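Analysis of the macromolecular model
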Protein chains: 2
Amino acid sequence: MTPPDLSQAEPRMPLTRERILHAGLELVDLHGLEALSMRRVGQALGVEAMSLYKYVKDKSDLIDGLIDLVIAEIDIPHDANDWKDAMRQRAISAHQVLLRHRWACPLMGSRVNIGPAMLGYIDDTFAWLRQGGFTVEQTLDAWHALDGHIFGFTLQQLNLPFAPEDAAQMAVAGIALIPADRYPYFHAVVSTIAQMGGRVERFEFGLDLLLKGLERLLTTSGSSHD
Amino acid sequence: MTPPDLSQAEPRMPLTRERILHAGLELVDLHGLEALSMRRVGQALGVEAMSLYKYVKDKSDLIDGLIDLVIAEIDIPHDANDWKDAMRQRAISAHQVLLRHRWACPLMGSRVNIGPAMLGYIDDTFAWLRQGGFTVEQTLDAWHALDGHIFGFTLQQLNLPFAPEDAAQMAVAGIALIPADRYPYFHAVVSTIAQMGGRVERFEFGLDLLLKGLERLLTTSGSSHD
DNA sequence: TTGACAAGCTTACAGTGTAAGTCTAGGCTT
DNA sequence: AAGCCTAGACTTACACTGTAAGCTTGTCAA
């Protein structure tokens, strides 16, 4: 008797860490982080949950792997003119990647265990900043501020109901939650936005504020090289 | 027979949403978010898990409550001179609060369901910015950038092993993970920091970059009032 | 043919959130 | 005072989680 397609997705290949990670990524992208369970990942591969543990130490190890997959999607620009250009491209790419993988944002900055993609990402950042003339301290400050903006801004953006597609229900349900007498400014601002038919969040607003500030820092304090 | 102290903490009072939230907050502050379970919160109050559901819709509702408790700790300055001063004070207070409640940061921006403290926090922010002369759009941009920095920066800070107390082990274990040939800049930067005995992250670096940028935005584009 | 070994499977356990139903003590009406 | 109601806490149960421990089976080398 021929077993007629164990599950559905992949027919039957040798299990690999890579295959596990890709199955996990698809699951998480489609159904969110809370849907990620060892049993479900196994199911997607036509395999029992415990079989995964040959290739993955932990669930936490799996998640670390997923995060590194996401980071690897961030474009590291080698054609940039200067550090500012490079940091800008990198930030925008990271932002887009994080919007694609909505689940990743809260985990991103909050993981100590960094994979090879993350290492490369950071090294490239440091390279641009150091060669741009920033001291070691300034480099860390700049990196931290920029990445903070990337993660923090995107984290908010993913959960604020200000997007144009939410405008209609924001105008009704959202505003009802904000009594005008108690929270006049909040009420007014949200009303205005709802009238305007929602609003696309502008990631580059804060990004350019930071980049311009960094540029100014570099020109005023001329001392570079450590 | 006198029942000798059901659990330990509170002797026996009528259960309240407030008591539940405070027990939950203590649990989470002490043992982290993953230690938060309905059964354990109940235990801390000398009560069965299911009894909590009279005062709390969900575990998610409980967490929303905890977050609002945290937000309520943020000082909203009414003695500030101008919007810049107010935003600065507010950001620094928020940063300190988030460092006190390490578990809160990843959840903070990523919750749609906002409580009364959050509403007040946002309203106050909008009030300062609008009265400072920012348009509605600019107000949202500014708020988003500032809060993005607060959450994003703190999120990273909480998990980077660059703190002075980690300096020793960073110098050994950390650097070993960063091969100098593959990641030269990363390696160099971390070595330098380790030699310097660690480093206190400077939240106000990025904050002041943003504030100065916002100030400049305000003076160059003179048109205010919508 | 035999043995070893690795890849995947099975079972089991302690823990989770929570739906559904049950008890019980206090206060109300009569 | 008697009876009932009900709010607040408890009990049971279910489907699900991560993962420790051990088992089966297919493949290849000696």
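Residues numbered from 1 in each chain as written. Chains lettered and ligands numbered in written order. Predicted model: local features only at pLDDT ≥ 70, side-chain atom pairs only at ≥ 80, totals over all residues. Heavy atoms only, no water.

A few words now on the protein's contact with DNA strand D. In the neighbourhood of DNA strand D, 18 residues make up the surrounding shell, with Arg39 and Tyr53 of chain A together with Glu48, Ser51 and Tyr55 of chain B lying closest. Each atom of DNA strand D within 4 Å of the protein was assigned to sugar, phosphate or base; sugar and phosphate come to 52%. For DNA strand D, a phosphate oxygen lies 2.9 Å from a polar atom in the side chain of Lys59 of chain A. Per-element tally for the surface near DNA strand D: the top contributor is helix H2 (residues 38-44) of chain A, with 3 residues. Here the residues of the surface near DNA strand D sort into 8 nonpolar, 2 polar and 8 charged. (Near = heavy atom within 4 Å. Polar contact = N/O pair within 3.5 Å; in protein donor to acceptor, adjacent residues only side chain to side chain. Helix = DSSP H or I, 4+ residues; strand = E, 2+ residues; numbered from the N terminus. Nonpolar A, V, L, I, M, F, W, Y, C, P; charged D, E, K, R; others polar.)

Throughout the structure, instances matching the rule amount to 22 salt bridges over all chains. Notably, a salt bridge pairs Asp58 of chain A with Lys57 of chain A, separated by 3.3 Å at the nearest N-O pair. Given the relative accessible area of 65%, Lys57 of chain A is considered exposed. Put simply, Glu137 and Asp141 of chain A together with Arg199, Glu201 and Arg202 of chain B are held in one network by salt bridges that share partners. (Salt bridge = Lys/Arg side-chain N within 4 Å of Asp/Glu carboxyl O. Buried < 20%, exposed > 50% of the residue type's maximum accessible area, 1.4 Å probe, protein only.)

What follows covers the interface of chain A and chain B. Of the residues lining the interface, 58 residues belong to chain A; the matching set on chain B comes to 58 residues. Between chain A and chain B the total buried area reaches about 5,100 Å² when both faces are included, carbon and sulfur atoms providing 70% of it. Among the residues of chain A in contact with chain B, His144, Gln156 and Tyr185 of chain A are the three that bury the most area, contributing 14% of the side total. Across the pair Arg202 of chain B and Asp141 of chain A runs a salt bridge whose closest N-O atoms are separated by 2.6 Å. Where chain A meets chain B, there are 18 residue pairs in polar contact (both at pLDDT 80 or more). (Contact = heavy atoms within 4.5 Å. Buried area = accessible area lost by both parts, 1.4 Å probe.)

Turning our attention to helix H8 (residues 167-176) of chain B. Residues and elements named next belong to chain B. Looking at H8, one finds that the buried residues are Ala167, Met170 and Ile175. Seen from one end, H8 has its buried residues packed into an arc of 70 degrees, which puts them on one side. In this structure, H8 carries Ala168, Gln169, Val172 and Ala176 as exposed residues pointing more than 90 degrees from its buried face. If you follow the buried residues of H8, they end up packed against helix H9 (184-195). (Arc of directions from axis to C-beta.)

Residues and elements named next belong to chain B. Their axes nearest at 9 Å, the elements helix H4 (residues 83-100) and helix H6 (residues 116-131) cross at an angle of 155 degrees. One finds that H4 runs roughly antiparallel with respect to H6. The element H4 and its partner H6 pack so that their crossing is left-handed. Of H6, the residues touching H4 (which contributes Trp83, Ala86, Met87 and Arg90) are Tyr121, Thr125, Trp128 and Leu129. (Axes fitted to C-alpha atoms, helices over the stretch in contact; angles between N-to-C directions. Parallel < 35°, antiparallel > 145°, perpendicular 65-115°, else oblique. Left-handed = near helix turned anticlockwise from the far one by under 90°.)

Before going further, it helps to examine the layout of surface pockets. Space inside the largest pocket adds up to approximately 870 Å³. Around the largest pocket sit 28 residues that line it, and Leu107 of chain A together with Leu33, Trp103, Pro106 and Leu107 of chain B are the ones nearest its centre. For the lining of the largest pocket, the secondary-structure elements that each account for two or more residues are helix H5 (104-108) of chain A together with helix H1 (17-31), helix H3 (59-72) and helix H5 (104-108) of chain B. Of all the elements, H1 of chain B adds the most residues to the lining of the largest pocket, at 4 residues. For the lining of the largest pocket, the residue count by class is 15 nonpolar, 6 polar and 7 charged. (1 Å grid on protein atoms, 1.4 Å probe; cavity = no way out; pocket = protein on both sides within 12 Å on 5 of 7 lines; lining within 4 Å. Points joined across faces, edges and corners; volume = space filled by probe spheres on them.)

For the rest of this paragraph, the subject is the relation of the copies chain A and chain B. Once chain A is rotated about the relating axis by 180 degrees and shifted along it by 0.0 Å, it coincides with chain B to within an RMSD of 0.1 Å. Expressed as a symmetry operation, the mapping of one chain copy onto the other fits a two-fold axis. Closest approach to the rotation axis within chain A is made by the C-alpha atom of Gly152 of chain A, at a distance of 1.8 Å. Looking at the interface residues of chain A, 100% of them are also at the interface in chain B, so both copies use one shared face. (Least-squares fit on C-alpha atoms with pLDDT ≥ 70 in both.)

Here the focus is the protein's contact with DNA strand C. Close contacts around DNA strand C come from 19 residues, with Glu48, Ser51 and Tyr55 of chain A together with Arg39 and Tyr53 of chain B the closest. Within the contact set of DNA strand C, a phosphate oxygen lies 2.6 Å away from a side-chain nitrogen or oxygen of Tyr55 of chain A. At 3.0 Å from a phosphate oxygen of DNA strand C is found a main-chain nitrogen or oxygen belonging to Met38 of chain B. Among the residues forming the surface near DNA strand C, the class breakdown is 9 nonpolar, 2 polar and 8 charged.

Before going further, it helps to spend a moment on a positive patch on the surface. Taken together, Lys212 and Arg216 of chain A together with Lys212 and Arg216 of chain B make up a surface patch of like positive charges. Sorting the residues of the positive patch by element identifies helix H10 (203-220) of chain A together with helix H10 (203-220) of chain B as the ones contributing at least two each. Residue position: Arg216 of chain B is located in helix H10. Looking at Arg216 of chain B, the relative accessible area reads 34%, which means it is partly exposed. (Patch = residues over 30% accessible without salt bridge, like charges linked within 9 Å, V, L, I, M, F, W, Y side chains within 5 Å. Areas by Shrake-Rupley, 256 points an atom, 1.4 Å probe, with all protein chains shown as cover. Lys, Arg positive; Asp, Glu negative; His and termini not counted. Charge placed at Lys NZ, Arg CZ, Asp CG, Glu CD.)

Once that is clear, we can look at the environment of Val172 of chain B. With respect to the helices and strands, Val172 of chain B occurs in helix H8. Along the sequence, Val172 of chain B and Gly148 of chain B sit 24 residues apart, while their C-alpha atoms lie 33 Å from each other.

All right, on to the domain arrangement of chain A then. Residue and element names in this part refer to chain A. When cut into domains, chain A gives domain 1 (17-56) and domain 2 (76-220). Here domain 1 and domain 2 have C-alpha centroids that lie 30 Å from each other. Together domain 1 and domain 2 conceal approximately 340 Å² of surface at their shared face, both sides included; 75% is due to carbon and sulfur atoms. At the junction of domain 1 with domain 2, the criterion picks out 0 salt bridges. Taken together, domain 1 and domain 2 are joined by 2 residue pairs in polar contact (both at pLDDT 80 or more). Each residue belonging to the side of domain 1 that touches domain 2 can be placed in one class, and the counts come to 3 nonpolar, no polar and 1 charged. (Domains from an automatic or database assignment.)

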